[in-house]
Number of protein chains: 4
Amino acid sequence: MNTSRVEAFSDGVLAIVITIMVLEMTAPEEPTWDGLRQVLPIFLSYLLSFVYVGIFWNNHHHLVQLAGKVDGTVLWANLHLLFWLSLIPFSTRWMQQNEFAQVPVLIYGLDLLLAAVAFQLLRMALVRQDGPDGDLAQALRGERKGKYSPVLYLTGMGATLIQPWLGLAVYAAVALLWLLPQRRMERKAAELEG
Amino acid sequence: MNTSRVEAFSDGVLAIVITIMVLEMTAPEEPTWDGLRQVLPIFLSYLLSFVYVGIFWNNHHHLVQLAGKVDGTVLWANLHLLFWLSLIPFSTRWMQQNEFAQVPVLIYGLDLLLAAVAFQLLRMALVRQDGPDGDLAQALRGERKGKYSPVLYLTGMGATLIQPWLGLAVYAAVALLWLLPQRRMERKAAELEG
Amino acid sequence: MNTSRVEAFSDGVLAIVITIMVLEMTAPEEPTWDGLRQVLPIFLSYLLSFVYVGIFWNNHHHLVQLAGKVDGTVLWANLHLLFWLSLIPFSTRWMQQNEFAQVPVLIYGLDLLLAAVAFQLLRMALVRQDGPDGDLAQALRGERKGKYSPVLYLTGMGATLIQPWLGLAVYAAVALLWLLPQRRMERKAAELEG
Amino acid sequence: MNTSRVEAFSDGVLAIVITIMVLEMTAPEEPTWDGLRQVLPIFLSYLLSFVYVGIFWNNHHHLVQLAGKVDGTVLWANLHLLFWLSLIPFSTRWMQQNEFAQVPVLIYGLDLLLAAVAFQLLRMALVRQDGPDGDLAQALRGERKGKYSPVLYLTGMGATLIQPWLGLAVYAAVALLWLLPQRRMERKAAELEG
């Protein structure tokens, strides 16, 4: 089985996840600058979730592209990742509706953590299918950001226990870390093509 | 006509079906662990519906992939399947809003049953188009899970008449049965390519 | 410019149009058979709109497939068609919320009429681009269902002036007419490939 | 990395952006012509936003098509553009809910302005990747509409300070300007293929 339909379905789900959060952004009650200022935290949390879905889409794109084909295990590992990502609009909304209280911010971090774990499981399923000496195993050798990120989300959740805004700051910092391009995999992908 | 646009359209519809259910998950009223515990049944029914849409997408992927082309009958058999699947968010929501009362749980099972029947009709339309000795007919010979599943949904509906949670347990058990990979079709698909 | 991205974008829009109508189907208040009976008209109007979007998708699929490429005029003719189709959830919902009163049923018919006219304009834009002796012009020569359908929608709107349910019956009859497969174009498409 | 998945993801996001605005169009309260007349400004603002998303999709289609491949910077420049476009349903809704008051109309223009700037940044990222003598740099040499449009949105925002409806008229005029086809890029694209 080739990867094109897995990519198409994942693109569809992620495109919807990234977009429906806008449906849930309640417009300011007053048509004034002050009304706008009141929705600023909502806007910023939308931005954070948008960036996270973008990061996962980006990494997914890089990962699946290196794999030539997919088996049944990969299909379900992919759906498992999409499941946790599909809950991002839910956990974002819960934070927004409760002025970023502790439990919703913890759950938001847990959702990111479970998505990051699901991403590692997908990666393992793809490597296992490709074999230990396959292109994917080689391309991923030494890739460490993916392995560290669950620890970072746990740190964010810990910080939330002290103060929710501190937890959100950690989540935002992890997002910034991911925005640095995936040079390693890109270089490998270029080599494979060249 | 080739199958690519049928796949793309089906992927789009299923990606939306699987994702919009999150829009309908009302966030807990209280930002507490107790609030979260109250939405647990809603979360579990979302998980069940997510898995079912995943199963149908997976089987659809395997089936259409084996077919080289599609005619008008197949297009409508496919839309018929998408129709029943598009109602899953509706039947899931009705169950959730009524604490899994008997009639909504029955209707949920009926929706799954009608989707399973529609899947068999799509399969028949594809086999008929391909001819009795085509690759698809051969690949599907002996495939029995698809034929049995309508009976299993009927059993779930029967169990619902005794007790709704029993019915839901049967639906969940059928989903688990489907999660076992489609070894037969995958092997055949591998042979065709090899 | 080739047609693949026009198809992908149209598939996306139509997949969303066909699916979001479910979001707008309010679940029955009571978890009973009686509650279900009360939403039957809503279910039937969803079915009608689903079938219409399916018909337009089907015809769009056949039409664009015959065209090898698209220019700027075709892109906008396509967006014009998508505009009227994107309003189907709106006009369906207005009918549902007002128990199929005259004005909403008229507007629903007007939406179908404008979509049908937009389809003819798209067809003309594709034929003009392809030239009077192109494959598309030949394939479409003698195709009459598309030309007649605006007249049929006008008839439905006229019938609505007498009695809204009569108008809906005409819209449903036109849909049935379209469900008969597009033999002519399919045969031509088969010839072109063969 | 080739452009196909970037196109697919962008198509998905734009298809949803263009369609979910319909979800937010509240149906007229009364099932009468008068009820319909009351939602006319909402309909017109939907039309304007639909046309704008169509314009951006169209320009995106032309631009990405000329680029053979995408790197990490382009992926994020593309997501940045999608971010501002994803806010169009939000800014449209805010205008609609406040009878086109000054601040929401200003914010709508700001959203268009930021999307236009993001489009220029995407264009720069693609040209930089392709090199100063690449096909894209040549095709875009002399293309001026894209460069002028931020100035036009600023003009619209200025006009809004005088009178919101004047600002909306400017936004509508800029949309009309864009509807004129992109002859230059199309001709170049035709040359490259020919």
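If you're wondering where the values come from, they're calculated on a predicted model, not measured in any experiment.

A word on the overall build of chain A. Tallying secondary structure elements over chain A gives ten helices and zero strands in all. Going from the N terminus to the C terminus, chain A shows its helices and strands as α-α-α-α-α-α-α-α-α-α. Its C-alpha atoms give chain A a radius of gyration of 18 Å, near enough to 16 Å, the size a compact globule of 194 residues would have. The C-alpha extent of chain A, read off along each of the three principal axes, is 60 × 35 × 30 Å. The contacts in chain A between residues at least 6 apart in sequence include a share of 80% that link residues at least 24 apart. Roughly 7600 Å² of accessible area belongs to chain A as shown, and the carbon and sulfur atoms make up 63% of that amount.

Bringing the pattern of salt bridges into the picture now. Tallying each qualifying case throughout the model produces 20 salt bridges over all chains. The closest approach of N and O atoms between Arg5 of chain A and Asp11 of chain B, which form a salt bridge, is 2.8 Å. You can see Arg5 of chain A sitting in helix 1 (residues 4-23) and its partner Asp11 of chain B sitting in helix 1 (residues 4-23), one on each of two chains. Side by side, Arg5 of chain A and Asp11 of chain B carry an identical accessibility label, which is buried. A cluster of three or more residues bridged by salt bridges with shared partners is formed by Arg5 of chain A together with Glu7 and Asp11 of chain B.

So, on to the environment of Ser91 of chain C. Residue and element names in this part refer to chain C. Tracing the backbone through its elements, the reader meets Ser91 in helix 5 (residues 88-97). You can call Ser91 buried: its relative accessible area is 2%. A sequence separation of 42 residues divides Ser91 from Ser49, and the C-alpha atoms of the two residues are 9.6 Å apart. Ser91 has contacts with Ile107, Tyr108 and Asp111, leaving out every residue within four places of it along the chain. At a separation of 3.2 Å, a polar atom in the side chain of Ser91 contacts the side chain of Asp111.

Parameters at a glance
- Residues numbered from 1 in each chain as written.
- Chains lettered and ligands numbered in written order.
- Predicted model: local features only at pLDDT ≥ 70, side-chain atom pairs only at ≥ 80, totals over all residues.
- Heavy atoms only, no water.
- Helix = DSSP H or I, 4+ residues; strand = E, 2+ residues; numbered from the N terminus.
- Rg over C-alpha atoms; globule rule 2.2 N^0.38 Å.
- Contact = heavy atoms within 4.5 Å.
- Areas by Shrake-Rupley, 256 points an atom, 1.4 Å probe, with all protein chains shown as cover.
- Salt bridge = Lys/Arg side-chain N within 4 Å of Asp/Glu carboxyl O.
- Buried < 20%, exposed > 50% of the residue type's maximum accessible area, 1.4 Å probe, protein only.
- Polar contact = N/O pair within 3.5 Å; in protein donor to acceptor, adjacent residues only side chain to side chain.

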